Amino acid sequence: QAELVQSEGGLVQNGGSLRLSCQGSGRTFSYYRMGWFRQAPGKEREFVATIGRDGGSTAYADSAKGRFTISRDNVQKTIYLQMNSLKPEDTAVYLCAASAIGPIARLSRDYDYWGQGTQVTVSS
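Residues numbered from 1 in each chain as written. Predicted model: local features only at pLDDT ≥ 70, side-chain atom pairs only at ≥ 80, totals over all residues. Heavy atoms only, no water.

The next point concerns the state of the cysteines. A complete count under the given rule lists one disulfide for this structure. Note that cysteine 22 is cross-linked by a disulfide to cysteine 96, the S-S spacing being 2.0 Å. Note on the cysteine 22 and cysteine 96 pair: the S-S dihedral is about 60 degrees, so by sign convention the disulfide is right-handed. In this pair, cysteine 22 is assigned in strand β3 (residues 18–24) and cysteine 96 in strand β9 (residues 92–99), connecting sequence segments 74 residues apart. By relative accessible area, cysteine 22 is classed as buried at 0%. (Disulfide = S-S within 2.5 Å. Helix = DSSP H or I, 4+ residues; strand = E, 2+ residues; numbered from the N terminus. Buried < 20%, exposed > 50% of the residue type's maximum accessible area, 1.4 Å probe, protein only.)

A separate point is the nonpolar core. In summary, soluble globular proteins display a tendency toward joint burial of nonpolar side chains. Counting 28 residues, the largest nonpolar core has Trp36, Leu81, Met83 and Tyr94 as the members making the most contacts within it. Ignoring sequence-local partners within four residues, the contact set of tyrosine 94 consists of Gln6, Leu20, Phe37, Arg38, Val48, Phe68, Leu81, Met83, Gly117, Thr118 and Val120. In terms of nonpolar packing, the next biggest core, distinct from the first, is built from seven residues, Phe37, Ala59, Ala61 and Ala105 among them. (Core = buried A, V, L, I, M, F, W, Y, C linked by side-chain atoms within 4.5 Å. Contact = heavy atoms within 4.5 Å.)

On to the sheet that holds strand β8 (residues 78–83). Pairing within the open sheet is antiparallel, and its four strands lie in the order β1-β3-β8-β7. In this open sheet, the two strands that pair with only one neighbour each are β1 (4–6) and β7 (68–73). Going from strand to strand, the sheet's axes swing by 20 degrees on average, the running direction of each strand aside. (Pairing = 2+ DSSP bridges. Axes fitted to C-alpha atoms, helices over the stretch in contact; angles between N-to-C directions.)

In this section: the environment of glutamine 23. The residue glutamine 23 is located in strand β3 in this model. Along the chain, glutamine 23 and leucine 4 lie 19 residues apart, while their C-alpha atoms are 5.6 Å from each other. Ignoring any residue separated from it by four or fewer positions in sequence, one finds glutamine 23 in contact with Glu3, Leu4, Val5, Gln76, Lys77 and Thr78.

All right, on to unusual backbone geometry then. Within the chain, serine 57 stands out as a residue other than glycine whose phi angle is a positive 50 degrees. Mapped onto the fold, serine 57 is located in the loop between β5 (46–51) and β6 (59–60). The backbone of serine 85 sits at a positive phi, close to 50 degrees, despite the residue not being glycine. Classification of serine 85 as partly exposed rests on a relative accessible area of 42%.

What follows is the structure in structure tokens.
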């Protein structure tokens, strides 16, 4: 079982940067594929990025490609989402998640454990 605790988000200006983190607990953190999702008001939860157990096998939503980078540190049991060139449409609650599935997983139903969510607001 994994418990995920996310860092605080924040308010940034259009074009700014922000790094989110998500720390897991337990001895099996490295067993899980990890992902980031986001949910804007009135919209469905959407996939942002995912990373494999060893830090490879990454995948990104089209909206995140070239701007966001997912990474992980299994010693620190933490994943990160570096977000650059932020836009107002990136405003959402961001959630980290852990999946026992090895291959790339883009669907929220493939993830077993979720962080508490953190608000990211990008002002125009």
